Amino acid sequence: VRLRGGRVAFLNAAHLNLRLSVHQSLVQAETCRTDRQWSQLRAHKQQTQEEFLAMVQRRLGDAGRAKMLSDSFFDALAREWLDETLVEVAADVRARCLADMPDASTAAERAYQQAFVERNWDQVMEYVVDVNAYLRKIFSTLFEERKLSITRAQRPRLAAQLGALFDALASVAQRWVHRQTGQQARLSGLQDMLRNLAAESRAGQGKNADHQDAWPLLSERFPVVADFTIDDPPRFAHELGLQ
């Protein structure tokens, strides 16, 4: 009777703690997002300066330009795109946890069932000594289980998707080369082809299904680099595919 009589106060306290925890997590996530954006802007500025210096001082050939573009793409995809994708995964983890324990009443009932109804006497002691600490323990265990389950399923998919993006980049470079007829070209020509492929993909007008999902993302993430001249487009495309 004593435990039931104190349940209203417990539910209010648990609900308040849950709201505070969510609020603090959101504030921390927003701070991290802002810091990451400023860091990316500074990195882009530094990268652009290094690209111009490299081209002026060392007079990079097509192989060096291909490596520079590949590194820039890797930075855009593996850091910016992957960061955004991982945020979505984290949101999925949070949503599944809240689906299991959506409010303080459900959380309290789960704690009571797990301790008393299932007759886990060690957990009954934890419940009686500090029910809030016991509830946090249950939620932390649930969170870790959901996180491991989701990341175990998502990791291979993300790795395959990242590999497919670079395969698509090598593919569009080869398609671009076939249109150059052995002449010099500029990097903007490759970017224009990506934009056209992305527009066709969005409009559902792609000629084949290969890499249709990759074109919009590659077009959006095309690095901010100088529109340099490519003396030997076939060699440039070949080197880009090797990176």
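Our subject in this report is the structure included herewith. What you see is a predicted model, and the numbers here were worked out from it, not measured in a lab.

### With respect to the nonpolar core
Counting residues in each nonpolar core, the largest one holds 31 residues, and the members touching the most others are Leu69, Phe73, Val172, Trp176, Trp215, Leu218 and Phe236. Contributions of two or more residues to this core are made by α3 (62-100), α6 (131-177), α7 (187-202), α8 (214-220) and α9 (233-242). When residues in this core are grouped by element, the largest group, eight residues, is from α6. Look past the residues within four positions of Leu218 in its chain and what remains in contact with it is Phe73, Leu77, Leu165, Ala168, Leu169 and Leu194. By size, the runner-up hydrophobic cluster in this structure holds eleven residues, among which are Met101, Ala107, Val131 and Leu142.

### As for the pattern of salt bridges
Tallying each qualifying case throughout the model produces eight salt bridges. Lys67 is paired through a salt bridge with Asp71; the nearest N and O atoms lie 2.9 Å apart. Within this pair, Lys67 and its partner Asp71 are both found in helix α3, separated by four residues, close to a single helical turn. You can call Lys67 partly exposed: its relative accessible area is 43%. A salt bridge links Arg186 to Asp227; the shortest N-O distance between them is 3.3 Å. Taken together, the residues span a long stretch of sequence, with Arg186 in strand β1 (residues 185-186) and Asp227 in the loop between α8 and β2 (229-230) at a distance of 41 residues.

### Concerning unusual backbone geometry
Its identity as a non-glycine residue notwithstanding, Arg119 has a phi of 55°, on the positive side. With respect to the helices and strands, Arg119 occurs in the loop between α4 (104-117) and α5 (121-129). Taking the relative accessible area as the measure of exposure, Arg119 reaches 60% and is therefore exposed.

### Section: α7
Across its 16 residues, α7 extends 23 Å between first and last C-alpha, which sits within 8% of the 22 Å expected from 1.5 Å per residue. Where α7 is concerned, the buried positions are Leu187, Leu190, Met193, Leu194, Leu197, Ala198 and Ser201. Down the axis of α7, the buried side of the element spans an arc of 135°, and every buried residue falls inside it. Elements in contact with the buried residues of α7: α3, α6, β1, α8, β2 and α9. Following α7 by one or two positions, Gly204 has its phi on the positive side, about 70°.

What counts and what doesn't
- Residues numbered from 1 in each chain as written.
- Predicted model: local features only at pLDDT ≥ 70, side-chain atom pairs only at ≥ 80, totals over all residues.
- Heavy atoms only, no water.
- Core = buried A, V, L, I, M, F, W, Y, C linked by side-chain atoms within 4.5 Å.
- Buried < 20%, exposed > 50% of the residue type's maximum accessible area, 1.4 Å probe, protein only.
- Helix = DSSP H or I, 4+ residues; strand = E, 2+ residues; numbered from the N terminus.
- Contact = heavy atoms within 4.5 Å.
- Salt bridge = Lys/Arg side-chain N within 4 Å of Asp/Glu carboxyl O.
- Expected span 1.5 Å × (residues − 1).
- Arc of directions from axis to C-beta.

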